[in-house]
Amino acid sequence: MAARNTARPLSPHLQIWKWGPNMLVSILHRATGTGMATVGAALLVWFLAAVAAGPESYATFRDVFTLDSGRLNVVGYVIGIGLTACLFQHMANGIRHLFMDVGAGFELKSNKRQAQATIVFAVVMTVAFWLYLGIK
Amino acid sequence: MRSGTAIGRVRGLGSAKSGTHHWLNQRLTAGSNFLLVVWLLISILRQPSFDYASMHLWLSNPWAAIPMVLLVASIFYHMRLGLQVVIEDYEQDQNRVALLVVMNLFVFTIAAVAIFSILKIAFGAAA
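Sequence order as written defines residue numbering, which begins from 1 separately in each chain. All chains are assigned letters beginning at A, and all ligands numbers beginning at 1, according to the order in which they are written. Per-residue local features are limited, in this predicted model, to residues with pLDDT of at least 70; the limit for side-chain atom pairs, both in listing and counting, is 80 or more; totals at the level of whole chains, interfaces and linings are taken over all residues. Hydrogens and water molecules were not included; the side-chain quantities draw on all heavy atoms of the structure.

Here we take up unusual backbone geometry. Of all residues except glycine, most have a negative phi; of all peptide bonds, most are trans. Within the chain, Asp93 of chain B stands out as a residue other than glycine whose phi angle is a positive 50°. With respect to the helices and strands, the residue Asp93 of chain B is situated in helix H5 (residues 93-123). Strands here mean DSSP runs of E at least two residues long; helices mean DSSP runs of H or I at least four residues long; both are numbered from the N terminus.

Written out as structure tokens, the structure is:
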């Protein structure tokens, strides 16, 4: 690809637009997807391999995320809540994308509302998931 | 290759015949991911404990091992399609090719480890 002529102006890019929820969830979709594809996938595989390898390997895996009492430590909470929040955001916005694929929801107002709804869904579901896990 | 506009260079060559393959498979695996992830979240919430014995017992049951293999296949394929788009958007030339190769190695390797591990638990003797 030819190098860009730096004397020529760039077309208006991210910094010139007023940020809206649709732009936020668009880049969040990519960020959460990439995050789950790297950190999430690696942890899922480590978990499965540790259970397959036996009690000692599983203990090593578990020690990284839990205190001696068996409760989650800081790493466990940050990664656990982070990954579930990523999952619910990616899931909600993915469903929104499927609707947009059939041509629905492109009007400015409804598009904005649906983008906001994915964030609300992600927050509510993450809180509900961890509350249920905590009080169970 | 003759010079000219981008459209002039490809005109008359015919379509690649696979233009919608990536797009469609990403949507189809999005649907299967949704069902399998809902299964996984409910399974996690229903676990009595997260110690070794509970986890091993859970995954040695075919009703958990089979959806888990499907989940790994569906999610990792979706993940490969998604990471491919991200790399194609931000990298050019040799870097793009190199990263795509590395990404494929990463995805296929961890998928193999994951599926082997599930089968080892499922087919293994009770611990």
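Having put the structure on the table, let's press on.
Another aspect to go through is the packing of aromatic side chains. Two rings belonging to Phe, Tyr or Trp (six-membered ring only in the last case) form a pair when the distance between their centres is within 6.5 Å. Interplanar angles under 30 degrees mark stacking, angles over 60 mark edge-to-face geometry, and anything in between is tilted. One pass over the full model with this rule turns up 12 aromatic pairs over all chains. Taking the centre distance of 6.1 Å and the plane angle of 55° together, the rings of Tyr58 of chain A and Tyr52 of chain B count as tilted. Here the residue Tyr58 of chain A occupies a position in helix H2 (residues 55-65), and Tyr52 of chain B occupies one in helix H3 (residues 52-60), the pair thus bridging two chains. Here Tyr58 of chain A matches Tyr52 of chain B in class, with each residue buried. Joined through ring pairs, the aromatic side chains of Trp46, Phe47, Tyr58, Phe61 and Phe65 of chain A together with Tyr52 of chain B make up one cluster. Throughout this description, buried means an accessible area under 20% of the type-specific maximum (1.4 Å probe, protein chains only), exposed means over 50%, and partly exposed covers the range between.

This part takes up the interface of chain B and chain A. One widely used convention gives an interface's size as the accessible area the parts lose upon coming together. The contact criterion used throughout is that any non-hydrogen atoms of two residues lie within 4.5 Å. Counting from both sides, the interface comprises 37 residues of chain B and, opposite them, 30 residues of chain A. Between chain B and chain A, a total of about 2800 Å² is buried, with carbon and sulfur atoms accounting for 75% of that surface. Each reported salt bridge corresponds to a side-chain nitrogen of Lys or Arg within 4 Å of a carboxyl oxygen of Asp or Glu. At the boundary of chain B with chain A, the tally comes to 2 salt bridges. Here Arg30 of chain A ties to Asp89 of chain B by a salt bridge, and the two come within 2.8 Å at their closest N and O atoms. Elements with a contribution of two residues or more to the side of chain B that touches chain A: helix H2 (21-46), H3, helix H4 (62-90) and H5 of chain B. Using a 1.4 Å probe, buried area is obtained as the accessible area two parts lose upon being combined, added over both of them.

Residues and elements named next belong to chain A. Here the axes come from fitting lines to C-alpha atoms, over the contacting stretch only for helices, and the angles between their N-to-C directions go from 0 to 180 degrees. With their axes 8 Å apart at the nearest point, helix H1 (residues 21-53) and helix H4 (residues 108-135) run at an angle of 50° to one another. It follows that H1 is oblique to H4 by the angle criterion. Considering how the two elements wind past one another, H1 and H4 form a crossing that is left-handed. In this structure, H1 uses Pro21, Asn22, Leu24 and Val25 to contact H4, whose residues at the interface are Asn111, Lys112, Ala115, Gln116, Thr118 and Ile119. Note on residue classes: Ala, Val, Leu, Ile, Met, Phe, Trp, Tyr, Cys and Pro are nonpolar, Asp, Glu, Lys and Arg are charged, and everything else, Gly too, is polar. Across the contact of H1 with H4, the residue classes tally to 5 nonpolar, 4 polar and 1 charged. An angle counts as roughly parallel when it lies under 35 degrees, as roughly antiparallel when it exceeds 145, as roughly perpendicular when it falls between 65 and 115, and as oblique in every other case. Working rule for handedness: look at the near helix, and if it is turned counterclockwise from the far one by less than a right angle, call the crossing left-handed; if clockwise, right-handed.

Before going further, it helps to examine the UniProt feature "transmembrane region" (unreviewed entry) in chain B. UniProt positions are given in the numbering used here, feature names are shortened, and annotations may be inferred rather than shown by experiment. UniProt marks residues 28-45, 57-77 and 97-119 of chain B with the feature "transmembrane region" (unreviewed entry), using the numbering shown here. Spanning residues 28-45 of chain B, this segment combines 100% helix with 0% strand, and its end C-alpha atoms are found 26 Å apart.

This part takes up the pattern of salt bridges. Applying the stated criterion to the full structure yields 2 salt bridges over all chains. In this structure, Arg27 of chain B and Asp101 of chain A form a salt bridge, with 2.7 Å as the shortest nitrogen-oxygen distance. With Arg27 of chain B in helix H2 and Asp101 of chain A in helix H3 (residues 74-101), the pair connects residues from two separate chains. Among the residues examined, Asp101 of chain A registers a relative accessible area of 30% and is labelled partly exposed.

Attention shifts here to H1 of chain A. Residues and elements named next belong to chain A. Its 33 residues give H1 an end-to-end C-alpha distance of 45 Å, which sits within 8% of 48 Å, the value for a rise of 1.5 Å per residue. Met36 marks the point of greatest bend in H1, at about 30°. Downstream of H1 by a residue or two, Gly54 has a phi angle that is positive, lying close to 125°. Multiply 1.5 Å by the residue count of a helix minus one, and that product is the helix's expected span. We define the bend at each residue as the angle formed by axes fitted to the 7 residues ending at it and the 7 residues starting at it.

Turning our attention to the confidence of the model for chain B. pLDDT measures the predictor's confidence residue by residue and takes values from 0 up to 100. When pLDDT is averaged along chain B, the result is 92; 96% of the residues meet or exceed 70. Across the interfaces of the predicted complex, the ipTM metric reaches 0.88, alongside a pTM of 0.88.

Residues and elements named next belong to chain B. Its place among the elements puts Ser74 in helix H4. Between N or O atoms, a polar contact is any pair within 3.5 Å; within protein, one atom must be a potential hydrogen donor and the other a potential acceptor, and residues adjacent in sequence are included only when both atoms are from side chains. Among the polar contacts listed, one links the side chain of Ser74 to the side chain of Ser32, at a separation of 2.8 Å. Ignoring anything within four residues of it in the chain, the contact list for Ser74 reads Thr29, Ser32, Asn33 and Leu36.

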